[in-house]
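Architecture at a glance
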Amino acid sequence: MTRTGQISPATASQSRRALVAGSVGNFIEWYEFGVYGYLATLIAGNFFTLEGQTGMTGLLLTYASFALAFFCRPIGAIIFGRIGDRIGRKPTLIAVVLLMTLATAIIGLLPTYAQIGVAAPLLLTLMRMFQGLFAGGEFGGAVSLMTEFAPKGKRGIYGAWQSFTVSLGLLTGVALVALLVQTLPEAQMKDWGWRIPFLLALPMGLVALYLRLKLDETPNFVASQKDEPEVQKTAAGKASAVATAKAIALGIGRMMGWSAGGYTFLVVMPSYLQTSLHATFLQALVATVLANVGFALAILPSGWLSDKIGRKKVMMIAVFAVIVLSFPLLHLLQNPQSSLLVKGIAVLIAGATIGMIAGPGPAMLAEMFPTRVRYTGLGLSYSLSNAVFSGCAGLIITGLIKETGNLDIPAYYVVATCLVSLFALMTLRKDDHLRDLDE
């Protein structure tokens with residue numbers, strides 16, 4: 001791209017601040033979504049177990065609320081993405097983390113179905129929708145911030161921190177829930193203990209707000225603002241909407257397996273183990289911890305490796321591994337003869353394969369969009385993929401198992417989406433990791 005505004009290289013301190021400030025918002029976002037998934041059975045009992053309905057129906061309604069929040073993400077991605085591409089990454093990310101934190105904390109204060117009747121699930125669903133709306137503005141801004149401040153040749157590892165803090169958020173959520181389950185009597189956990197993880201989002205959000213207030217605007221955005229009048233006059237500028245829409249559709253295809261596999265293995269797993277394989281609540285949480293540990297351990301190395309050999313090679317190997325291993329790993333969990341050690345290794349491997357996709361993923365998406373639409377393009381690709389293939393994972397898997405009785409449904413779901421991603425990833429250029437962001 002021809003530039004009138006030159007991009008000034010970021011200093012080391014600016015890059016570090018961007019990495020921390022971008023990561024902390026992602027941490028809070030996925031901490032909350034993880035907590036909601038891990039507490040799904042308790043939330044179902046307090047809000048969605050309606051009179052005359054079964055526990056499975058309550059769980060389905062809980063996941064329906066979960067899915068609605070995901071479908072609000074694309075709306076948030078459009079609203080905050082356009083703001084972030086117009087007025088800057090910094091002010092938009094400040095607004096997003098403040099609103100997202102408030103919506104999460106309010107969930108911890110809501111009255112239950114036993115207290116106010118049908119208004120309770122409606123209020124919870126509304127707060128989940130607000131949370132999804134505000135969270136929709138997080139990914140595009142955070143990844144834009146990290147990759148635009150990244151030193152040359154390090155976009156993969158910098159972008160990988162977004163995925164790594166996702167795993168930290170999920171792990172923190174499951175660790176806190178497990179601690180509460182071990183500490184509180186079952187009655188207290190059902191009564192008020194479930195509220196604690198949501199209320200703790202408030203102090204986390206204040207820390208994130210402080211870090212983002214100290215940020216500088218990204219050098220790419222500053223340069224693009226100087227270019228904007230010139231770009232708008234060109235044919236490329238006028239055709240950018242069509243090109244962006246095509247890139248978003250391709251980005252969704254490349255992300256599909258990541259979204260479906262990530263939520264199936266990392267968030268839906270506790271409820272699947274409890275309702276379908278009759279594991280205890282604590283056993284399900286331990287399995288989820290191991291899956292998230294595997295996920296976390298693979299992210300940064302795969303992001304780093306993608307800076308060396310390219311996003312395409314790393315991501316295609318990872319997606320192929322998910323396709324090959326999904327059924328065998330699930331069958332190990334289903335087999336009553338499998339030892340706890342074997343089952344633990346199975347969920348660890350499942351998480352690691354998704355981590356290998358998630359490591360290079362943010363940088364891969366950032367490299368698909370020019371600066372002037374990067375916030376919007378990143379946010380929409382990510383949120384639309386997650387809305388359909390993550391947000392609906394629990395609903396689809398639980399519903400199909402209820403209808404068919406087939407316990408292999410999670411593997412079918414993950415393999416089908418990863419096959420689409422495999423073909424979409426074939427269109428990646430081998431040298432994307434070597435190019436400048438706007439090249």
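Worth saying up front: this structure is predicted, and the values here are computed from it rather than measured.

A look at the overall build of the chain
Across its full length, the chain holds 21 helices and 0 strands. Its C-alpha atoms give the chain a radius of gyration of 21 Å, within 12% of the compact-globule value 22 Å for 439 residues. The buried share of the chain, reckoned over its 439 residues, is 60%. In the chain, of all internal contacts separated by at least 6 residues, the share reaching a separation of at least 24 is 87%. When the accessible surface of the chain is totalled, it reaches about 16,800 Å², and 71% of it is carbon and sulfur.

Examining the environment of Tyr158
With respect to the secondary-structure elements, Tyr158 resides in helix α8 (residues 155–183). The sequence separation of Tyr158 and Ala135 amounts to 23 residues, and the corresponding C-alpha distance is 20 Å. Not counting the four nearest positions on each side in its chain, Tyr158 is found in contact with Ser15, Leu19, Met146, Ala150 and Pro151.

Side note on the pattern of salt bridges
A complete count under the given rule lists 15 salt bridges for this structure. Taking the shortest distance from any N to any O, the salt bridge between Asp431 and Arg435 comes out at 3.3 Å. A relative accessible area of 22% means that Arg435 is categorised as partly exposed. Taken together, the shared-partner salt bridges connect Arg82, Asp85, Arg89, Glu148 and Arg374 into one network.

Digging into the packing of aromatic side chains
Tallied over the entire structure, the rule returns 11 aromatic pairs. Ring centres of Phe139 and Tyr382 lie 3.5 Å apart, and the angle between their planes is 5 degrees; on these two criteria the pair is classed as stacked. One end of the pair, Phe139, is in helix α7 (residues 138–149); the other, Tyr382, is in helix α19 (residues 371–389), with 243 residues separating them in the sequence. Summarising the burial analysis for this pair, Phe139 and Tyr382 share the class buried.

Things to note about the packing of helix α2 (residues 40–48) against helix α6 (residues 119–135)
Contact geometry of α2 with α6 gives a least axis separation of 8 Å together with a crossing angle of 130 degrees. It follows that α2 is oblique to α6 by the angle criterion. Across the interface between the two elements, Ile43, Phe47 and Phe48 from α2 touch Ala120, Pro121, Leu124 and Thr125 from α6. Of the residues that constitute the contact of α2 with α6, the class distribution is 6 nonpolar, 1 polar and no charged.

Details of the nonpolar core
Among the nonpolar cores identified, the biggest contains 127 residues, and Leu39, Ile43, Phe47, Leu124, Phe198 and Ile357 are the most heavily contacted of them. Sequence-distant contacts of Phe198, that is, excluding residues within four places in its chain, are made with Tyr31, Glu32, Val35, Tyr36, Leu39, Ile43, Thr104, Ala105, Ile107 and Gly108.

Focus on the environment of Ile354
Within the fold, Ile354 resides in helix α17 (residues 340–358). Beyond its immediate sequence surroundings of up to four residues, Ile354 is in contact with Trp258, Gly261, Gly262, Phe265, Phe295 and Val322.

Describing the side chain of Asn26
Mapped onto the secondary structure, Asn26 falls in helix α1 (residues 12–38). A relative accessible area of 0% places Asn26 in the buried class. Within the structure, Asn26 has its side chain in polar contact with the side chain of Gln162 (distance 3.4 Å). For Asn26, the contacting residues outside a window of four places in its chain are Glu138, Phe139, Ala142, Met146, Gln162, Thr165 and Arg212.

What counts and what doesn't
- Residues numbered from 1 in each chain as written.
- Predicted model: local features only at pLDDT ≥ 70, side-chain atom pairs only at ≥ 80, totals over all residues.
- Heavy atoms only, no water.
- Helix = DSSP H or I, 4+ residues; strand = E, 2+ residues; numbered from the N terminus.
- Rg over C-alpha atoms; globule rule 2.2 N^0.38 Å.
- Buried < 20%, exposed > 50% of the residue type's maximum accessible area, 1.4 Å probe, protein only.
- Contact = heavy atoms within 4.5 Å.
- Areas by Shrake-Rupley, 256 points an atom, 1.4 Å probe, with all protein chains shown as cover.
- Salt bridge = Lys/Arg side-chain N within 4 Å of Asp/Glu carboxyl O.
- Phe/Tyr/Trp six-rings, centres within 6.5 Å; stacked < 30°, edge-to-face > 60°.
- Axes fitted to C-alpha atoms, helices over the stretch in contact; angles between N-to-C directions.
- Parallel < 35°, antiparallel > 145°, perpendicular 65-115°, else oblique.
- Nonpolar A, V, L, I, M, F, W, Y, C, P; charged D, E, K, R; others polar.
- Core = buried A, V, L, I, M, F, W, Y, C linked by side-chain atoms within 4.5 Å.
- Polar contact = N/O pair within 3.5 Å; in protein donor to acceptor, adjacent residues only side chain to side chain.

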